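What follows is each chain in one-letter form.
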Amino acid sequence: MGKVVLVTGAARQLGGRFVRRIQRDPEVERVIAVDAVSPPHRLGSAEFVRTDIRQSAIARVLAEHAVDTVVHLAVTGGAAAGAPGGRSTVKETNVIGTMQLLGACQKSPTVRRLVVKSSTSVYGGTARDPAVFTETTQPKSLPAGGFAKDAAEVEGYVRGFARRRPDVAVCVLRFANILGPFADSALAEYFSMPVMPTVLGYDPRLQFVHEDDVVDVLRLAAGEPERGTLNSGTFNIAGDGVLLLSQCARRLGRPTVPFLLPAVTWLGQALRAVGATDFSPEQIRLLTHGRVVETTQMRETLGFRPMYTTAETFADFARSRGSGLLPPERVARAVGRVAELLDVDEVDEVDEVAEVAEVAEGVER
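Residues numbered from 1 in each chain as written. Predicted model: local features only at pLDDT ≥ 70, side-chain atom pairs only at ≥ 80, totals over all residues. Heavy atoms only, no water.

Undergrad: Just checking my understanding: could you explain the overall build of the chain for this structure?
TA: Helix and strand content of the chain: 13 helices and 13 strands. Of all intrachain contacts in the chain linking residues separated by at least 6 positions in sequence, the fraction that spans at least 24 positions is 80%. Of the roughly 16,300 Å² of accessible surface on the chain, 51% is carried by carbon and sulfur atoms. (Helix = DSSP H or I, 4+ residues; strand = E, 2+ residues; numbered from the N terminus. Contact = heavy atoms within 4.5 Å. Areas by Shrake-Rupley, 256 points an atom, 1.4 Å probe, with all protein chains shown as cover.)

As structure tokens, this is what we get:
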């Protein structure tokens, strides 16, 4: 680990946890936490610098503190709590902010290590995709928008930076869906819905990584490599095993309501309009086709072994959400709200779903 570590995205839950974690490393002398908004959580002894990485001021921060390690966690799917703006602001922070940060790193004579948080969503999601993605798999079609497109663009800029500064060790971590007791992602919101809309005829395979493992692998990537490992390159990060969406629903005790794919798209637009959840097109693709990645390089090259499997990660998340079957009347109200959002009158289907939920109470999970 470098002596002076700068962490972007410190106002988010994950950024705050990582900032507090690396302060315990004896090699670290100072931690500089950066974000455009003040964090709602404690950062320990870290020095918080309120600055927008979309602005050139980030170069002054690197220079003033003689930063040697940068951990870029500000590439996210949504704004931090209290942050102004919507999707356009998030995209600017992801893409323009990364460009500014990389430009500052390129000019800095002290920076020696760069760690970037990315996502397996860069692989896209289509019916023509392979069953398992490796780090070298090229997507059949590039993401058309949303966080997945942001992450793909960010990785392109990082590769350019690595070519221009070969003296800097660059590590890109492509995380599967992050879950845990404190997860604040769009997928966590989806799993917290009283009724989970699904795509009729599809039961996608999903992978998860526990937020504790995320903090641990970030710490590993930011530190000095151990013998036989290489803390640079691009790595898929996920827990062992997979879960089907239907298994996730059963373990949560949540009823599912299948829709034809066009109706799911309309539902996503309606839910976003009322602020219910970020049911984005990329999330719909994930819930249609799923996504599974190979993690051999994570283990053999990076030298990281997650503490939690995919199933254990989801179980910990489910416990934090108070898993259990909902009363049939609440299911009926929730499905009725879905019908209202879609501007349809499906009273019979709502009653049927309530009956299914009633029967499900006696089914062993």
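More follows now that the structure is in view.
Undergrad: It is not clear to me how the environment of Thr301 should be interpreted in this structure. Could you clarify?
TA: On the secondary structure map, Thr301 appears in the loop between α10 (296–300) and α11 (310–320). You can call Thr301 partly exposed: its relative accessible area is 23%. Sequence separation between Thr301 and Asn231 is 70 residues; the distance between their C-alpha atoms is 7.9 Å. Of the polar contacts made by the side chain of Thr301, one reaches the side chain of Gln297; its length is 2.6 Å. (Buried < 20%, exposed > 50% of the residue type's maximum accessible area, 1.4 Å probe, protein only. Polar contact = N/O pair within 3.5 Å; in protein donor to acceptor, adjacent residues only side chain to side chain.)

Undergrad: I would appreciate a short explanation of the pairing of strand β8 (residues 196–199) in the present structure.
TA: In summary, the side chains of a regular strand alternate between the two faces of the sheet. The side-chain alternation of β8 yields two buried faces, one formed by Met196 and Thr198 and the other by Pro197 and Val199. Sheet analysis places β8 next to strand β13 (residues 256–259), joined by four bridges and oriented parallel. Looking across to β13, one finds that Val199 is bridged to Phe259. (Pairing = 2+ DSSP bridges.)

Undergrad: Is there a simple way to think about the environment of Glu135 in this case?
TA: The residue Glu135 is located in the loop between β5 (113–119) and α4 (146–164) in this model. Each C-alpha atom of the pair Glu135 and Phe235 lies 6.4 Å from the other, and the pair is 100 residues apart in sequence. In this structure, Glu135 is in contact with Tyr123, Arg174, Thr234, Phe235, Asn236, Glu294 and Gln297, ignoring residues within four places of it in sequence.

Undergrad: Can you help me understand the sheet that holds strand β4 (residues 69–72) in this one?
TA: Pairing between the strands of a sheet is mediated by backbone hydrogen bonds and can be parallel or antiparallel. Taken in spatial order, the seven strands line up as β3-β2-β1-β4-β5-β6-β11 in an open sheet, and their pairing is parallel. The outermost strands of the open sheet, each flanked by one partner alone, are β3 (47–50) and β11 (233–237). Averaged over neighbouring strand pairs, the angle between their axes works out to 20 degrees when direction is ignored. Here strand β2 (residues 30–35) pairs with β3 via four bridges, running parallel. Its bridge partner lying in β3, Asp35 is registered against Arg50. (Axes fitted to C-alpha atoms, helices over the stretch in contact; angles between N-to-C directions.)

Undergrad: Can you help me understand the packing of helix α7 (residues 245–252) against α11 in this one?
TA: The description of two helices packed together rests on the angle between their axes and the distance between the axes. Two elements in contact, α7 and α11, have axes whose closest approach is 10 Å; the angle formed by their N-to-C orientations is 35 degrees. For the element pair α7 and α11, the recorded crossing hand is right-handed. Contacts between α7 and α11 involve Cys248, Arg251 and Leu252 from the former and Ala311, Phe314, Phe317 and Ala318 from the latter. Of the residues belonging to the contact of α7 with α11, the class tally is six nonpolar, no polar and one charged. (Left-handed = near helix turned anticlockwise from the far one by under 90°. Nonpolar A, V, L, I, M, F, W, Y, C, P; charged D, E, K, R; others polar.)

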